[in-house]
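Here is how the chains run, residue by residue.
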Amino acid sequence: MTKRDQAEDSTDTAASVPPPTPVASRADARVNRERILTAAREVFSESGPEASLNEIARRAAVGPGTLYRHFPNRQALMVAIVKDRVTALSRLADALCESHTPDDALAAWFAALLAHARLHQGMGVVAMLGETVDFGIDCHRIVLDAADTVLSRAQREGTARTDVDAGDLVQLVAGIALATTRDDGPSRPERLLGLVLDSAHAAAGTTPAP
């Protein structure tokens with residue numbers, strides 16, 4: 001077979017294979033993005049904010065080029081992780097209020113907030129405190145609104161003090177997260193959170209909030 005024949009055969013073969021449809025391409029992109037985020041959560045949790053992006057790509061089973069097409073730099077990747085978790089916190093507050101007692105919902109949501117705040121050696125605190133990072137959404141406001149959802153329900157039921165507001169508790173949880181970034185286990189952060197929540201509980205016989 002001549003080189004010209006080989007070229008023509010190659011052209012015919014390529015022409016016989018239909019290109020991927022835009023829908024398939026978008027679906028593949030979404031799958032790759034989720035795989036990258038899943039791998040990034042694992043790697044950042046293990047190695048902190050300076051973890052290897054190449055290791056994240058390897059665990060996600062994608063090439064570095066695919067990772068950088070979705071997330072052009074380290075901050076973009078971490079912002080995406082924090083944004084997803086903040087959105088999940090908002091949904092969790094509503095779900096807990098539907099399925100748990102006021103006190104249990106309050107405790108469970110603030111435990112989730114503490115886990116988020118300690119994310120990747122304190123990266124989650126940035127969103128909680130409204131620092132100047134563009135997350136594309138107002139993470140600080142979302143966190144405060146979700147905190148108020150669980151707290152105000154407990155206050156209406158008379159199980160939480162009415163002189164405490166959501167911002168107070170969020171600030172205290174942020175402080176715990178920053179103070180325990182080097183604690184490997186959850187025992188100290190959980191114990192400190194328990195002290196905060198105990199202080200927020202209303203005394204017996206307290207009049208519920210209107």
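As shown above, the structure is provided for reference.
Rules of the game
Residues numbered from 1 in each chain as written. Predicted model: local features only at pLDDT ≥ 70, side-chain atom pairs only at ≥ 80, totals over all residues. Heavy atoms only, no water. Helix = DSSP H or I, 4+ residues; strand = E, 2+ residues; numbered from the N terminus. Buried < 20%, exposed > 50% of the residue type's maximum accessible area, 1.4 Å probe, protein only. Areas by Shrake-Rupley, 256 points an atom, 1.4 Å probe, with all protein chains shown as cover. Expected span 1.5 Å × (residues − 1). Arc of directions from axis to C-beta. Core = buried A, V, L, I, M, F, W, Y, C linked by side-chain atoms within 4.5 Å. Contact = heavy atoms within 4.5 Å. Salt bridge = Lys/Arg side-chain N within 4 Å of Asp/Glu carboxyl O. Axes fitted to C-alpha atoms, helices over the stretch in contact; angles between N-to-C directions. Parallel < 35°, antiparallel > 145°, perpendicular 65-115°, else oblique. Left-handed = near helix turned anticlockwise from the far one by under 90°. Polar contact = N/O pair within 3.5 Å; in protein donor to acceptor, adjacent residues only side chain to side chain. Phe/Tyr/Trp six-rings, centres within 6.5 Å; stacked < 30°, edge-to-face > 60°.

**Things to note about the overall build of the protein**
For step 1, the next point in the chain: Each helix and strand in the protein was counted, giving ten helices and zero strands.
For step 2, the next point in the chain: Secondary structure of the protein in N-to-C order comes out as α-α-α-α-α-α-α-α-α-α.
For step 3, the next point in the chain: For the protein, with 210 residues in total, the buried portion stands at 35%.
For step 4, the next point in the chain: Total accessible area computed for the protein in this model is approximately 11,800 Å², and 51% of it derives from carbon and sulfur atoms.

**Some points on helix H10 (residues 187-200)**
For step 1, the next point in the chain: Between the first and last C-alpha of H10 there are 20 Å, a value that for 14 residues agrees with the 20 Å anticipated at 1.5 Å per step.
For step 2, the next point in the chain: Buried within H10 we find Pro 189, Leu 193, Val 196, Leu 197 and Ala 200. End-on view of H10: buried residues confined to an arc of 95°, all on one side of the axis. Opposite the buried face of H10, by more than 90 degrees, sit the exposed residues Ser 187, Leu 195 and Asp 198.

**Overview of the nonpolar core**
For step 1, the next point in the chain: Residues Ile 36, Phe 44, Ile 56, Leu 77, Trp 109, Phe 110 and Leu 113 are the most contacted members of the largest nonpolar core, which totals 52 residues.
For step 2, the next point in the chain: Counting only elements with at least two residues in this core, the list comes to helix H2 (22-47), helix H3 (53-60), helix H5 (74-99), helix H6 (102-117), helix H8 (139-156), helix H9 (166-179) and H10.
For step 3, the next point in the chain: If you tally residues by element for this core, the top one is H5, at ten residues.
For step 4, the next point in the chain: Excluding residues within four positions of it along the chain, Ile 56 makes contact with Ile 36, Ala 39, Ala 40, Val 43, Phe 44, Leu 67 and Leu 77.

**Looking at the pattern of salt bridges**
For step 1, the next point in the chain: One pass over the structure, following the stated rule, counts eight salt bridges.
For step 2, the next point in the chain: Its salt-bridge partner being Glu 55, residue Arg 59 comes within 2.8 Å of it at the nearest N-O pair. Of this pair, Arg 59 and Glu 55 both sit in helix H3, four residues apart, which is roughly one turn of the helix.
For step 3, the next point in the chain: The class of Arg 59 is partly exposed, set by a relative accessible area of 34%.
For step 4, the next point in the chain: With a closest N to O distance of 3.1 Å, Asp 145 and Arg 141 form a salt bridge. Of this pair, Asp 145 and Arg 141 both sit in helix H8, four residues apart, which is roughly one turn of the helix.
For step 5, the next point in the chain: A residue is classified by how much of its surface remains accessible, and Asp 145, at 42% relative accessible area, is partly exposed.
For step 6, the next point in the chain: With relative accessibility at 42%, the residue Arg 141 sits in the partly exposed group.

**What to know about the packing of H6 against H9**
For step 1, the next point in the chain: Axis separation between H6 and H9 bottoms out at 9 Å; the angle between their running directions is 45°. Put simply, H6 runs oblique to H9. Seen along the crossing, H6 lies across H9 with a hand that is right-handed. Seen from H6, the contacting residues are Phe 110, Leu 113, Leu 114 and Ala 117; seen from H9, they are Leu 169, Val 170, Val 173, Ile 176 and Ala 177.

**Some points on the environment of Asp 165**
For step 1, the next point in the chain: In this structure, Asp 165 sits in the loop between H8 and H9.
For step 2, the next point in the chain: You can call Asp 165 partly exposed: its relative accessible area is 43%.
For step 3, the next point in the chain: A polar contact of 2.8 Å, which involves the side chain of Asp 165, links it to the backbone nitrogen of Asp 168.

**Remarks on the packing of aromatic side chains**
For step 1, the next point in the chain: Counted by the stated rule, this structure contains one aromatic pair.
For step 2, the next point in the chain: Their ring planes at 90° and their centres at 4.9 Å tell us that Trp 109 and Phe 110 sit as a pair that is edge-to-face.
For step 3, the next point in the chain: Exposure remark for Trp 109: the relative accessible area of 0% places this residue in the buried category.

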